[in-house]
Structure formats: structure tokens, C-alpha cells
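Chain residues, written in single-letter form:
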Amino acid sequence: MQKRKILEEKFFLWLMRIVTMSIILVFLFMMAVILKKGFHALTWEMVSQEPQGGFYFGKGGGILNAIVGSLYLASGSTFFALLLGLPVALGMNVHWVRKTRAVNAIRFLLDALWGVPSIVFGAFGFALMAYLQIRASLLAGVITVTLFIVPIFIRAFDEVLRTVPQGLMEAAYSLGANKRQIAFSIFFRQALPGFITAILLAFGRGIGDAASVLFTAGYTDHIPQTIQDPTATLPLAIFFQLSSPIPEVKARAYAAALILTAIILIISIVSRLSTRKFKKNIL
Amino acid sequence: MVALQRLIIPSKWADRISDGWLNIAVLFLILLPLVIGTGLVIKSLPLLEKVPLGAMLSSSDWSPQQGHFGFFAFIMGSVWVTLLSFVLSAPVCLLSAIYLTEYSPAWLTQAMYFVIDVLAGIPSVVYGVWGVLVVVPLLADYVAPALGLTTTGYCLLSGGIVLAIMAVPYMLNMLMEVLRSVPIELKEASLSLGATYWETIKWIVLRKGLTGIIAALSLGVSKALGETIAVLMVVGNISKVPSSVFDGAYPLPALIANNYGDMMSVPLYDSALMFAALILFVIILLFNSITNIFLYRIKEV
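From a predicted model like this one, the values you see are computed outputs, not experimental measurements.

About the criteria used
Residues numbered from 1 in each chain as written. Chains lettered and ligands numbered in written order. Predicted model: local features only at pLDDT ≥ 70, side-chain atom pairs only at ≥ 80, totals over all residues. Heavy atoms only, no water. Helix = DSSP H or I, 4+ residues; strand = E, 2+ residues; numbered from the N terminus. Buried < 20%, exposed > 50% of the residue type's maximum accessible area, 1.4 Å probe, protein only. Contact = heavy atoms within 4.5 Å. Areas by Shrake-Rupley, 256 points an atom, 1.4 Å probe, with all protein chains shown as cover. Lys, Arg positive; Asp, Glu negative; His and termini not counted. Charge placed at Lys NZ, Arg CZ, Asp CG, Glu CD. Core = buried A, V, L, I, M, F, W, Y, C linked by side-chain atoms within 4.5 Å. Salt bridge = Lys/Arg side-chain N within 4 Å of Asp/Glu carboxyl O. Expected span 1.5 Å × (residues − 1). Phe/Tyr/Trp six-rings, centres within 6.5 Å; stacked < 30°, edge-to-face > 60°. Lys NZ or Arg CZ within 6 Å of the ring centre and 35° of its normal. Buried area = accessible area lost by both parts, 1.4 Å probe. Polar contact = N/O pair within 3.5 Å; in protein donor to acceptor, adjacent residues only side chain to side chain. Nonpolar A, V, L, I, M, F, W, Y, C, P; charged D, E, K, R; others polar. pLDDT = per-residue confidence, 0-100. Axes fitted to C-alpha atoms, helices over the stretch in contact; angles between N-to-C directions. Parallel < 35°, antiparallel > 145°, perpendicular 65-115°, else oblique.

## Quick look at the overall build of chain A
Next, step 1: Counting its regular elements, chain A contains twelve helices and zero strands.
Next, step 2: Listed N to C, the secondary structure of chain A is α-α-α-α-α-α-α-α-α-α-α-α in terms of helices and strands.
Next, step 3: The buried share among the 283 residues of chain A stands at 54%.
Next, step 4: Taking the intrachain contacts of chain A between residues at least 6 apart in sequence as the baseline, contacts between residues at least 24 apart amount to 74%.
Next, step 5: For chain A, the accessible area works out to roughly 12900 Å², and carbon and sulfur atoms hold 68% of it.
Next, step 6: For chain A, the separation between the mean place of its 26 positive charges and that of its 12 negative charges on side chains is 10 Å.

Here it is as C-alpha cells:
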């Protein structure tokens, strides 16, 4: 009996070890494949030039337009997500901190929205464009992506704000501060590292998402000059190039995937480092 | 800084502006799901008025040119690919989460957090590229021939595998959170009664965390249900009800994404695609709400 118990424990322990290792291995393997395939096709031309004529048939040029387009789109929508999200996240933790039920209801709503697929936002953005009579453009893309990343940003920032000690608020009140001052001067400063992480998380989502901009941002070979120009994005550039039958164009898709992965990795490393740097000022 | 601020805007006005801004932002967010739902309903009304809802959901006759819009094949495609990714990722995540919270050395758990972070950050189009590069040829050249079948590799199983890998970071993260919330006193009591460590996990931790585990697993899966681009790239996009995992399928998100180009030329086509988006929206909102109710209940206890 005792022996069987020990055997069972050993069996499951090894099974769990193998499974955990296999997750790490799949992760490393994935990175290795992207790196290996992408590195062959990666040239300086790819990141420094707009597509030339016949780019999608294997001729010269690069995907600078998509890289810049993605950055524009992600920065614009992160900015608007910030405008909408920052007060809500602060309000949930300062203004209505006693109204537990209302705050929980908002959290619940945001969690439900968090899981809504980006293609649904894309379709809604398309319907909205028809209603507002704007055509596929940077502006329409920014609006759609903003709606998509606002819940992600708020929930991420909210989780950080919840860890701010309540004593801090009481101390500030006793010194005569009002709600706005507590929110923006104390809670915001206290949660600054988490705020940066939340911003970068939302930014990363904005860069990486393809489905929501499929209908709304359009596609072009040029860097957009105004917010009414259509814009290319990196995920869509990858997607279009990969569906090409020409091997050189396909190889470029791998290179573009490598660039996108590199951008995301840089963002996540920067967020880790900056978190550490700003932690110095935290109680 | 404060003095400068006083010079520009008097404090009273700053309070009013910030309060107003706050109220507008909250109102906007509360109305957002409602607006999205209404917008999609309005756009899909032309189709809903013409064809009865039941017929549309149960028919698999998809020929927009003739005005036949049957969603059954797409719904089944979504259901199968989601189920498949669930079957592939849930046991792996559960075992791994138990290991990482109960057994593993601290450095490994830390390393795993990094892996989870990066995996969660990788855009779905990159998963798609990886699927095309690795999973599709693997299935076409090795797995299917070994089973005596032929396939192009662009099939339900490829979609399931890619989605399973995409679901891992979400599921693992939430499962670890749930397992860590099991009170340590319960474990201590069980161990002091002479149970082995594994028995404690099996009878105490898993039972105590059951609702949370179910909720975490289903949230991971609902994430998988809506992933568009990754699925679209590997699943084959064939609009018939799949009969085996090596058949091509055509899930709802792929349907919407693939046809946006020519939907304006065919009457009611755009309405049909908006209806597909509405189905996805309603399913996922319901699903997420139910699972979140479970998760919130656990956190409050």
C-alpha cells in the first residue's frame, strides 16, 4: 500500500516535470525557428525602405511603411487609451474605493470585454466607419485599436493600484488633500512602475494585433502623412507576404515576423528594466 | 510643480475638470459593450429580417451569391478547433501549474514567469507563421502518413495545436493564481494527518480549487475561440462540417477576416459577416461573464 502511494507520487512528479520542461522547450524551439528562418531573409533594406514597385513579386524594397505604420497606430491608440483609462483606473481606487459593489461591477465588465476577440472590434470599427462616413485610415484604425486595448490597460493598471496601501490615502486625507490630489499626486506616483508596464502591455497589444485593423486601417505601400491616410501594419504585412506563392516573398514574411518578435521582446525587456528603475521612489 | 499648477489653473477648476473627465470616461466604458452589441445588431438586421435565425444557425449551405447564409459549418469549425485546443492544453497547463506552485524550485518558477510573459506578448500572427513553418509540415509529412492518412497539413489539428500553444500562457498564469489562493492551513492539516504530498494535492488542493480551475481553463479557451489570424493561417478555410481532425475547417473569426474584401459586392454579405461577429461577441461575453462570476466568488471567500 505504502509502496503504491510512493510510486504514484513519483509517477506524477515526473509527468509534471516533463510537461513543464516541454512548455519551455516548445517556447525555445519556437523562438529558434523564427530566428533561424527570419535571419536568412533579414536585410538592412527590409527595415530601411518602403516597398518598391513589384515588392510583392520579389523585387526590391522593404517594409518600413508597415513598421512605422504599426508604431503610429500603436502610439496613437495607446495615447487615447491612456486618456480614457487613466481616470477610470484611478477613480476605481480613489474616488469610489468605498463603493465596492460598483467598482466590482466595472471590473467585471472590463474582464468580460478583455476576452472579446479583436476581430469583433474590427467588425464593429467597420460598422462605425460606415456610420461616421470615414474611410479606412489611420484614424479609423486608431479608434478601433483604442477600444480594443482600453480594457487591457485599465485592468493591468488597476491591479497595481490595488496594491497601494490604504494607509497612504488616510494619511493624505488627514493632511487635507482632496481626491484629485490623492489620485494624481500620490496614487499615480506610487504606482508609476506598474503604470509603465500597463502602458507597454497595451502598446504591445496594439502593435501585434492584426484582426482589428484588417478592416479599419486599410493597406498602403507608403508611410501615412496625415491621419486620414490608410496605413500598413506589420502583422498584416507578414500575413500578406506569407500568402504569396513566391519563395522570396515568403522568406520576407519570416523576416518581418522576426522584426515584430524583436519589437515585442524589446518592449517587454524595457518594461522590466524601467519597472526596476522607478521602484526607487516607491514606499 | 504644484505652484506652477496653481498659476495655470486654480485648484477648484482642476478638481471640476478631473471629475468631469472621470465621469465621461466611466460612462463611455460602461456603454461600450452596449454600443458594440447594438451596432452589430443594426448591421446584421437586414439579414435577420429575411432569414429566420434558427434556419441560419442550423443550415450549412454557404453560397452568398445565391443568398444562402448557413452558419452551421463555421460554428462547428469554431467548436471543434476550440475543443481540440482545450484537450491539448488543459492537462498540460494543470500539471505544470501544480508543479510550479507546489514542487518546483523558486528559480524555475521565476524563469517560468518570464516565459509566460513573453509567450503572452508574442503577436498571434507570429504563432501563425510558426504554425505554417513547423506544425503544418509536421502533420502533413510525418503524423498523417504514419496513421495511413493524407492531408495537406492545413487542418483542424494544426489549428488546435497552434491555439493550444497560444492558450498556455493565459491558462497557466490563472491556474497558478488559483492554486496559490488555496489556504496553506488546509494543506498543513492534511499533511499532519499523514497524507503524502501528492495525496494532499489530489484530495485537498484540487478539490478546494476546483471551481477556480474550471474557470481558469475556460477563460483560456475563450481566448482561443476568438483568435483570428493564427487560426486563419493554418486551418485550411474549407466551409464544410469537418469529419476528422485532419479535415480542413473554417471557424467564425476566419470567415469574417477572409471575406472583408468582397463583402460589399454581394447583397446581404456584409450583413452576414456582421452577424457572424455578433455570434462571436455574444458567445464570448456570456462565457466570460459566467466564468468570471466563479472567479470572483473564489477571490472573495
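## Quick word on the nonpolar core
Next, step 1: By size, the foremost hydrophobic cluster in this structure holds 155 residues, and its most contacted members are Phe157 of chain A together with Phe71 of chain B.
Next, step 2: Residues within four places of Phe71 of chain B in sequence aside, it is in contact with Leu47, Met56, Ser59, Trp62, Leu252, Leu255, Ala272, Phe275, Ala276 and Ile279 of chain B.
Next, step 3: With 36 residues, the next largest nonpolar core counts Ile24 of chain A together with Ala97, Leu217 and Leu219 of chain B among its residues.

## Concerning the pattern of salt bridges
Residue and element names in this part refer to chain A.
Next, step 1: Under the definition given, this model contains ten salt bridges over all chains.
Next, step 2: Glu159 is paired through a salt bridge with Arg162; the nearest N and O atoms lie 3.6 Å apart.
Next, step 3: With relative accessibility at 37%, the residue Glu159 sits in the partly exposed group.
Next, step 4: The exposure class assigned to Arg162 is partly exposed, which follows from its relative accessible area of 41%.
Next, step 5: Several salt bridges converge on common partners, so that one network encompasses Arg107, Asp111, Arg155, Asp158, Glu159 and Arg162.

## Points about helix α5 (residues 118–132) of chain A
In an α-helix, one turn spans 3.6 residues; hence positions three or four apart end up facing the same way.
All names here are of chain A.
Next, step 1: Between its first and last C-alpha, α5 extends 20 Å over 15 residues, near the 21 Å set by a 1.5 Å rise per residue.
Next, step 2: Taking burial as the measure, the 15 residues of α5 include eleven buried ones, the bulk of the element.
Next, step 3: All of the buried residues in α5 are Ser118, Ile119, Val120, Phe121, Gly122, Ala123, Phe124, Gly125, Phe126, Ala127 and Met129.
Next, step 4: Gln133 occupies a position one or two residues after α5 and carries a positive phi of about 60 degrees.

## With respect to the packing of aromatic side chains
Residues and elements named next belong to chain B.
Next, step 1: Under the counting rule described, the total for this entry stands at 23 aromatic pairs over all chains.
Next, step 2: The interplanar angle of 75 degrees and the centroid separation of 5.4 Å between the aromatic rings of Trp62 and Phe69 together place this pair among those described as edge-to-face. When sorted by exposure, Trp62 lands in the same class as Phe69, which is buried.
Next, step 3: Centroid distance Phe69 to Tyr269: 6.2 Å. Interplanar angle 40 degrees. Geometry classified as tilted. Residue Phe69 is found in strand β2 (residues 68–69), and its partner Tyr269 is found in helix α13 (residues 269–300); the two are separated by 200 residues along the sequence. With respect to class, Phe69 is no different from Tyr269; both count as buried.
Next, step 4: Members of the aromatic cluster, connected to one another through ring pairs, are Trp62, Phe69, Phe71, Phe74, Tyr250, Tyr269 and Phe275.
Next, step 5: Positioned above the aromatic ring of Trp13 is the side chain of Arg16, whose terminal nitrogen or guanidinium carbon lies 5.2 Å from the ring centre.

## Focus on the interface of chain B and chain A
Next, step 1: Contact residues are listed per partner, giving 82 residues for chain B and 76 residues for chain A.
Next, step 2: A combined buried area of about 7200 Å² lies between chain B and chain A, and 79% of that area is made up of carbon and sulfur atoms.
Next, step 3: Counting every contact that joins chain B to chain A gives three salt bridges.
Next, step 4: Our count for the contact surface shared by chain B and chain A stands at eleven residue pairs in polar contact (both at pLDDT 80 or more).
Next, step 5: In terms of residue class, the side of chain B that touches chain A is built from 60 nonpolar, 13 polar and nine charged.

## Quick notes on the confidence of the model for chain A
Next, step 1: Of the residues in chain A, 96% reach a pLDDT of 70 or more, and the chain-wide mean stands at 87.
Next, step 2: Across chain A, element-level confidence peaks in helix α3 (residues 64–93) of chain A with a mean pLDDT of 92 and bottoms out in helix α2 (residues 44–48) of chain A with 81.

## Looking at the packing of helix α8 (residues 179–190) of chain A against helix α2 (residues 11–50) of chain B
Next, step 1: Remark: α8 of chain A packs on α2 of chain B, axes separated minimally by 9 Å, with the N-to-C direction vectors making an angle of 75 degrees. By the angle class used here, α8 of chain A and α2 of chain B are roughly perpendicular. Residue-level contacts link Arg180, Gln181 and Phe184 of chain A of α8 of chain A to Ser11, Ala14, Asp15, Ser18 and Trp21 of chain B of α2 of chain B.
Next, step 2: Grouping the amino acids of the contact of α8 of chain A with α2 of chain B by side-chain chemistry returns three nonpolar, three polar and two charged.

## Things to note about the side chain of Arg107 of chain A
Next, step 1: Relative to the helices and strands, Arg107 of chain A resides in helix α4 (residues 100–114).
Next, step 2: Setting aside residues no more than four positions away along its own chain, Arg107 of chain A makes contact with Met92, Asn93, Arg155, Asp158 and Arg162 of chain A together with Tyr296 of chain B.

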